[in-house]
Amino acid sequence: MSDSKPSSHSSADPEKTAQDTSSLSSSASEPIYDPVLEKTWRKIDIFVLPIVAMFYLLSFLDRTNFANARVAGLQKDLKMTNYQYSIALTVTYIPYIVAELPSNLLLKAVGPNLMLPTMLTLWGIITTLQGVVKTYSGILACRFFLGLCEGGVFPGLVLYLSFWYPRQELQWRVSTFFSTASLSGAFSGILAYGIIKMDGVGNRPGWAWIFILEGLFTVVFGLSAFYTLPRSPATARFLNEKEKAYIVSRLRETGATGNDEAADSFSWREVGRAFMLPQVWILAIIFFFDGVLVYGLAYFTPSIVAGLGYTNANAQLYSVPPFAVAFVVTMIGAYVSDRFGARGFVSMFAGVLATIGFAMYLGASSLHIKYASLFFSIAGAYSAAPALSTWSANNAAPYTRRATAIAIGFIMTNSGGVLATWLLGTLSPAPLYHKATVTLLIFSVLIVIFTGMNVWYLHDQNKKKAVIRATTSRENEEKGLGDRSAWFVYNL
């Protein structure tokens, strides 16, 4: 094995074998490694990651502040039934789901530096408008267009980061921006607690100011992102030419990108191939289960806390600590996952945490224990999502196949979100949501089971690929196999 490519990670890295220097790059070239230029990743962390993280924080904040507004009086003021509230949430998800795959396929062609800020600015405007509508039909219209503009954000951000970082270093970065969902859960509670005190200002209720102030900030940040978000490593102004060349070569070497533009060009054939990958569909099922958990807790935690006996204002504050803990757990899980190449095992652990949380909530009679259960269920649901997202991005290549696989996962996640909007409140009444809790408990157990199945499948495929590598050469392998190449080792 060539020793010209040391790694800061353990031998569990999926790129550890002698021949496995790339899924797509030429086998004739020697792996390139420069300890000085490796610090360029830190540079990208400084210039790219905070912008991406803020994108997702604002996305999740503007989508889930509906829950805070509900507790602050939105549902009462607009005379909405629980059924109508669920309809308003569902209306967001339909265009959201429809937009995900086309958005991901268009991202590279249009340019993420144009497409992502445009979506951010538009949904900020729509969020602001939610604060001025006075009818239920007005809210429905806003929620529809909010979903349409936000649909491509999460899959687009995962895809965007996947052509900035090597496969084995991706989850820490995905977790960094996804963990802002946990922060938004905490932050939105604190913000809502302060903003609802503006009740009556400008003759508007406190819940309206939640939408107006948070929406206006999103618009401002979206406009600034047109100038701050780079299109790709090759065009980043904060990198010099030597750094650009090094980043591009390392991404090709590790299989994060294709060997050239042609390898990563759009192809309907690759879209179809993504739909034929078994690991994509096993993950899609897991994404659905976790989507129900994440969005159920995102939309209903303030209502759940209020149902435990806290006043509406204090319910906003008491919803903060479980999300803060989820942020810490998510980042620890990301470190373990990147360090040991263990996406699947981190996902299983997250499922176990969620199982413990929902079992506690279901079995406890003490309201304090029910509240304590949220620390487990929220941490489990939220720490699973970035591990699953990175797992999906890691194990599909080339670019179009990866873009499609990521989009399929998030279509299923948000399909789970649709179920969540009906499961809590409409199909399972407040304040204790008994039937919903049983369902979420079952889904948590299924996350563990299906994740184990995916680990087994990928491990079995890696064993078969090892046999092929031992009996043939890279030059004799069919071209264009992408992740099906024997020299592409799946990340477990």
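See above for the structure.
Fair warning: this is a prediction, and the values are worked out from it, not measured in the lab.

K.L.:
Just to check I follow, could you spell out the pattern of salt bridges for this structure?
P.N.:
Close approach of charged atoms allows side chains of opposite charge to pair. This model, assessed by the stated rule, comprises 12 salt bridges. Salt-bridge contacts for R250 lead to E38; the nearest nitrogen and oxygen are separated by 3.0 Å. Taken together, the residues span a long stretch of sequence, with R250 in helix α10 (residues 241-253) and E38 in the segment before α1 (40-47) at a distance of 212 residues. Note that E243 is salt-bridged to K43, the shortest N-O span being 3.0 Å.

K.L.:
Honestly, the packing of helix α14 (residues 320-340) against helix α15 (residues 343-363) in this entry has me stumped. Any pointers?
P.N.:
A pair of packed helices is captured by two measures, namely the crossing angle of their axes and the spacing between those axes. Interaxial distance between α14 and α15 falls to 8 Å at its minimum, and their mutual angle equals 150°. Taken together, the axes of α14 and α15 lie roughly antiparallel to each other. The element α14 and its partner α15 pack so that their crossing is right-handed. Residues V329, G333, V336, S337 and D338 of α14 pack against R343, V346 and L353 of α15.

K.L.:
Looking at this structure, how should I read a nonpolar patch on the surface?
P.N.:
Where nonpolar side chains cluster on the molecular surface, the patch consists of L106, V110, L114, L223, F226 and Y227 and spans about 580 Å² of accessible area. Where the nonpolar patch is concerned, the elements lending two or more residues are α4 (82-110) and α9 (206-228). It is α9 that provides the largest number of residues to the nonpolar patch, a total of three residues. You can see L223 is positioned in helix α9.

K.L.:
Please clarify how the packing of aromatic side chains should be interpreted in this entry.
P.N.:
Any aromatic ring pair is given by two values, namely how distant the centres are and how the planes are angled relative to each other. Applying the stated rule across the entire model yields 39 aromatic pairs. Seen from their ring centres, F144 and F145 are 5.2 Å apart, and the 85° between their planes marks the pair as edge-to-face. F144 gets classed as partly exposed once you look at its relative accessible area, which sits at 35%. F145 sits in the partly exposed class, given a relative accessible area of 44%. Between F178 and Y382, the aromatic rings sit 6.2 Å apart at their centres with planes inclined by 45°, giving tilted as the arrangement. Residue F178 is found in helix α8 (residues 170-195), and its partner Y382 is found in helix α16 (residues 367-394); the two are separated by 204 residues along the sequence. Of the two residues, F178 and Y382, neither departs from the other in class, the shared state being buried. Positioned over the ring face of F340 is R339, at 5.4 Å from the centre of the ring. Lying across the ring of Y490, K465 places its NZ or CZ 3.7 Å from the centre.

The rules we used
Residues numbered from 1 in each chain as written. Predicted model: local features only at pLDDT ≥ 70, side-chain atom pairs only at ≥ 80, totals over all residues. Heavy atoms only, no water. Salt bridge = Lys/Arg side-chain N within 4 Å of Asp/Glu carboxyl O. Helix = DSSP H or I, 4+ residues; strand = E, 2+ residues; numbered from the N terminus. Axes fitted to C-alpha atoms, helices over the stretch in contact; angles between N-to-C directions. Parallel < 35°, antiparallel > 145°, perpendicular 65-115°, else oblique. Left-handed = near helix turned anticlockwise from the far one by under 90°. Contact = heavy atoms within 4.5 Å. Patch = residues over 30% accessible without salt bridge, like charges linked within 9 Å, V, L, I, M, F, W, Y side chains within 5 Å. Areas by Shrake-Rupley, 256 points an atom, 1.4 Å probe, with all protein chains shown as cover. Phe/Tyr/Trp six-rings, centres within 6.5 Å; stacked < 30°, edge-to-face > 60°. Buried < 20%, exposed > 50% of the residue type's maximum accessible area, 1.4 Å probe, protein only. Lys NZ or Arg CZ within 6 Å of the ring centre and 35° of its normal.

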